[in-house]
Amino acid sequence: MEARLTSTGLDFERISAVDGRTLYLPIPAVDEHGYRLRHGRRSNPFEIGCYLSHVACAERMLESGAAHALILEDDLTFDADLIEVLDAALDSHRDWDILRLSTVNTGRKFKIQDLTSSRSLAVALTREKGSGAYIINRKAARWIPKALVPMRLPYDLAFDLEHLSALRAMFVEPVPVRQRAEQASLIQNGLSSFKLGGLRYASVLPFRIYYEVTRFGAQALRVIASKLHRFMVRD
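Note that this is a predicted model, so its numbers are computed, not measured.

K.L.:
So what about the packing of aromatic side chains? Which residues, and what values?
P.N.:
The relation between two aromatic rings is expressed through the spacing of the ring centres and the mutual angle of the planes. Here the structure, examined in full by the defined rule, presents five aromatic pairs. When the centroid spacing of 5.3 Å and the interplanar angle of 20° are considered together, the rings of Tyr155 and Phe159 count as stacked. One end of the pair, Tyr155, and the other, Phe159, are both in helix 6 (residues 155-159), four residues apart, so they sit about a helical turn from each other. Taking relative accessible area as the criterion, Phe159 reaches 1% and is therefore assigned buried. Judged by centre distance (6.2 Å) and plane angle (35°), the ring pair of Phe207 and Tyr211 falls under tilted. In this pair, Phe207 and Tyr211 are both assigned in helix 7 (residues 201-234), four residues apart and thus about one turn of the helix distant. The positively charged end of Lys109 is found above the aromatic ring belonging to Phe171, 5.1 Å away from the centroid.

If you want it as structure tokens, here you go:
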């Protein structure tokens, strides 16, 4: 990743990841009971490490005084126009609080406006997994340690609930960053051993329904408002 970033000409700061194996649980940053209710699994130490590493990045960004931060995980490849996309994204910074540059889903994204000649700003109406690459402003950076701690979901699922705090998340579509792990993820290895029994869905399903319905409603309103605005301008 250091070589890839250097080749783009981007200055960067490496944040040492939290190694979940070194944590002595329970810790205040993890709500184990809440995690089991919402996700139907026992928490995974590698997942905890990933989660707290993202929180640490947000806190470091707030300490820096920067207006925006590009957060990158360690298993990414970049499209050739990444710098052009980043420049255009910052020019459009008033339209978003979180701008996602990668995803591991293939769901449809709904265009809001052009970003570059080949990419757009878009929103997703359904859940998107993955937190490989994204940009946050200071409002979003404050939200992460305040609203997402203690941990009650894997980071990418918790991070996808920004609409509950009235934050505006958007995607660059198509995404310019690919998450292609060069080795098996430690989080995914042995994941089945953390699952609970079949009754776990009794608590998980209500949460998932609530999250999906509220997400769809919030994002659909944004798509409709964008289309109405473009229609009025064109008219």
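K.L.:
So what's going on with the side chain of Glu47? Residues and values would help.
P.N.:
Tracing the chain through its elements places Glu47 in helix 3 (residues 45-64). A polar contact is formed between the side chain of Glu47 and the side chain of Arg41, at a distance of 3.1 Å.

K.L.:
Would you mind going over the pairing of strand 7 (residues 169-173) in detail, with residue names and values included?
P.N.:
Across the five residues of strand 7, four count as buried, placing the element largely inside the fold. Across three bridges, the pairing between strand 3 (residues 98-100) and strand 7 is parallel. Within strand 7, the position partnered with Leu99 by the bridge is Met170. Where strand 5 (residues 120-124) meets strand 7, three bridges bridge the pair, whose relative direction is antiparallel. From the neighbouring strand, Ala122 faces strand 7, where its bridge partner is Phe171.

K.L.:
Explain the environment of His68 residue by residue, including any values.
P.N.:
Relative to the helices and strands, His68 resides in strand 1 (residues 68-72). C-alpha separation for the pair His68 and Ala89, spaced 21 residues apart in sequence, amounts to 11 Å. Excluding residues that lie within four positions of it along the chain, His68 makes contacts with Met61, Leu90, His93, Trp96, Ile135, Ile136 and Asn137.

K.L.:
I'd like to hear about the sheet that holds strand 6 (residues 133-137), residue by residue, with values.
P.N.:
By way of backbone hydrogen bonds, the strands of a sheet pair with one another, either parallel or antiparallel. Overall, mixed pairing links the six strands, which are arranged 1-6-3-7-5-4 in an open sheet. Both edges of this open sheet fall to strand 1 and strand 4 (109-114), since each of them pairs with a single strand only. Going from strand to strand, the sheet's axes swing by 30° on average, the running direction of each strand aside. Note that strand 1 and strand 6 share five bridges and pair antiparallel. Bridge pairing in strand 6 places Leu72 opposite Ala133. Sheet strands in contact with helix 5 (residues 138-147) are strand 3 and strand 6, and its direction is about 105° off that of strand 6.

K.L.:
Account for a nonpolar patch on the surface, naming residues and giving values.
P.N.:
Taken together, the side chains of Tyr201, Leu205, Ile209 and Val213 make up a nonpolar region of the molecular surface, amounting to roughly 380 Å² of accessible area. The residue Ile209 is located in helix 7 in this model.

K.L.:
Explain the state of the cysteines to me, and be specific about the residues and the numbers.
P.N.:
Going through the model one piece at a time under the given rule, you end up with zero disulfides. With no disulfide of its own, Cys50 lies closest to Cys57 among cysteine sulfurs, the gap being 9.7 Å. Residue classification places Cys50 among the partly exposed positions, given a relative accessible area of 23%.

K.L.:
Which residues make up unusual backbone geometry, and what values go with them?
P.N.:
Omega for the bond connecting Leu25 with Pro26 falls within 30 degrees of zero, at 0°, which places this linkage in the cis form. Among the structural elements, Pro26 can be located in the loop between helix 1 (2-8) and helix 2 (32-39). At the junction of Glu173 and Pro174, the peptide bond is cis and its omega measures out at -5° in the coordinates. Within the secondary structure layout, Pro174 lies in the loop between strand 7 and strand 8 (177-179). Backbone geometry places Ala166, a non-glycine residue, at a positive phi of 60°.

What counts, and at which threshold
Residues numbered from 1 in each chain as written. Predicted model: local features only at pLDDT ≥ 70, side-chain atom pairs only at ≥ 80, totals over all residues. Heavy atoms only, no water. Phe/Tyr/Trp six-rings, centres within 6.5 Å; stacked < 30°, edge-to-face > 60°. Helix = DSSP H or I, 4+ residues; strand = E, 2+ residues; numbered from the N terminus. Buried < 20%, exposed > 50% of the residue type's maximum accessible area, 1.4 Å probe, protein only. Lys NZ or Arg CZ within 6 Å of the ring centre and 35° of its normal. Polar contact = N/O pair within 3.5 Å; in protein donor to acceptor, adjacent residues only side chain to side chain. Pairing = 2+ DSSP bridges. Contact = heavy atoms within 4.5 Å. Axes fitted to C-alpha atoms, helices over the stretch in contact; angles between N-to-C directions. Patch = residues over 30% accessible without salt bridge, like charges linked within 9 Å, V, L, I, M, F, W, Y side chains within 5 Å. Areas by Shrake-Rupley, 256 points an atom, 1.4 Å probe, with all protein chains shown as cover. Salt bridge = Lys/Arg side-chain N within 4 Å of Asp/Glu carboxyl O. Disulfide = S-S within 2.5 Å.

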